[in-house]
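# Structural overview for review
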Amino acid sequence: MFIISSITTIQYGFGTLKYRFFFLDLEKQVQSISSGEYLVKLLISLLVLSFFLVTAIYLFSLVTKNTIGTLVMGICLVLPGLMPEVLKLLPNKILNYLPFGYFNLPELIFARSGISGWLPTWRQGVFYLSLISVFFFLLALLKIKRENKKMMGIIDLSN
């Protein structure tokens, strides 16, 4: 975000976000996006991705109750998204439903996927990560509520 802001400031002066970026999409067609639109999409994507990672790691910690287990599960969640070679091994039908397929934000925003036959859109990625984040959040709340009921049952029996 800093680099894009700097380029925009040098080219147009401070305060304009109309600098155009040209890129090739998956079909090798030239596309363009303004730096303001890119920054908005990037900010929304970062917020949704951060919410997803926080809820997933929190749910993992509730399930495992072990720091090392939570760390291993978190690494297993994030690592495939950072290694496109791993994603290429998976069938495209399965890849649509795995959250780590949407972790590469510039590729998602520019609609360029290094995986042949799989082209997620930015809206699809944001929607899917938001949906699964809410699902993980509700699962975590359900787990906490169940543990609290168990604790209240233990306390009531001791009286």
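Residues numbered from 1 in each chain as written. Predicted model: local features only at pLDDT ≥ 70, side-chain atom pairs only at ≥ 80, totals over all residues. Heavy atoms only, no water.

On to the overall build of the protein chain. Looking only at helices and strands, one finds 7 helices and 2 strands in the protein chain. By residue count, 33% of the 159 residues in the protein chain fall in the buried class. Put simply, 53% of the contacts in the protein chain that link residues at least 6 apart link residues at least 24 apart. Total accessible area computed for the protein chain in this model is approximately 10,500 Å², and 70% of it derives from carbon and sulfur atoms. (Helix = DSSP H or I, 4+ residues; strand = E, 2+ residues; numbered from the N terminus. Buried < 20%, exposed > 50% of the residue type's maximum accessible area, 1.4 Å probe, protein only. Contact = heavy atoms within 4.5 Å. Areas by Shrake-Rupley, 256 points an atom, 1.4 Å probe, with all protein chains shown as cover.)

What follows concerns the packing of aromatic side chains. Overall, the coordinates contain 4 aromatic pairs when judged by the stated rule. Counting every residue linked through ring pairs, the aromatic cluster contains F52, F103, F135 and F136. (Phe/Tyr/Trp six-rings, centres within 6.5 Å; stacked < 30°, edge-to-face > 60°.)

The next thing to look at is a nonpolar patch on the surface. Together, L71, I75, L79, L82, M83 and V86 make up a nonpolar patch on the protein surface, roughly 520 Å² of accessible area in all. If you tally residues by element for the nonpolar patch, the top one is helix α3 (residues 67-82), at 4 residues. Assignment of secondary structure puts V86 in helix α4 (residues 84-88). (Patch = residues over 30% accessible without salt bridge, like charges linked within 9 Å, V, L, I, M, F, W, Y side chains within 5 Å. Salt bridge = Lys/Arg side-chain N within 4 Å of Asp/Glu carboxyl O.)

Our focus in this paragraph is the side chain of K41. Mapping K41 onto the fold places it in helix α2 (residues 35-64). Aside from chain neighbours lying at most four places away, what touches K41 is I33, I109 and W122.

Bringing the side chain of S34 into the picture now. Inspection of the secondary structure puts S34 in strand β2 (residues 30-34). From its side chain, S34 meets the backbone nitrogen of E37 in a polar contact 3.1 Å long. In this structure, S34 is in contact with L17, Y19 and R20, ignoring residues within four places of it in sequence. (Polar contact = N/O pair within 3.5 Å; in protein donor to acceptor, adjacent residues only side chain to side chain.)

Another point: the environment of I109. Inspection of the secondary structure assignment puts I109 in helix α6 (residues 105-109). A relative accessible area of 6% places I109 in the buried class. Spatially, the C-alpha atom of I109 lies 7.1 Å from that of K41, the residues being 68 residues apart in sequence. Aside from chain neighbours lying at most four places away, what touches I109 is I33, Y38, K41, L42, S45 and W122.

Taking 1.5 Å of rise per residue, 16 residues should cover 22 Å, and α3 covers 22 Å from first to last C-alpha, within 8% of that figure. Burial in α3 covers these residues: T70, G74, L77, P80 and G81. In this fold, the buried residues of α3 make contact with α2 and α4. (Expected span 1.5 Å × (residues − 1).)

Looking now at the nonpolar core. Within the largest apolar cluster, 31 residues are counted, with the highest numbers of intra-cluster contacts made by I33, Y38, F52 and L129. Sorting the residues of this core by element identifies β1 (20-24), α2, α6 and α7 (122-158) as the ones contributing at least two each. Here this core gets 10 residues from one element, more than from any other, and that element is α2. Beyond its immediate chain neighbours, meaning those up to four positions away, I33 contacts Y19, R20, F21, F23, Y38, K41, I109 and F110. (Core = buried A, V, L, I, M, F, W, Y, C linked by side-chain atoms within 4.5 Å.)

This part covers unusual backbone geometry. At K65, a position not held by glycine, the phi torsion is positive, near 55 degrees. Tracing the backbone through its elements, the reader meets K65 in the loop between α2 and α3.

For the protein chain, per-residue confidence averages 81 on the pLDDT scale, and 86% of positions sit at 70 or higher. At the level of individual helices and strands, the protein chain shows its lowest average pLDDT in helix α1 (residues 2-12), which scores 72, and its highest in α2, which scores 92. (pLDDT = per-residue confidence, 0-100.)

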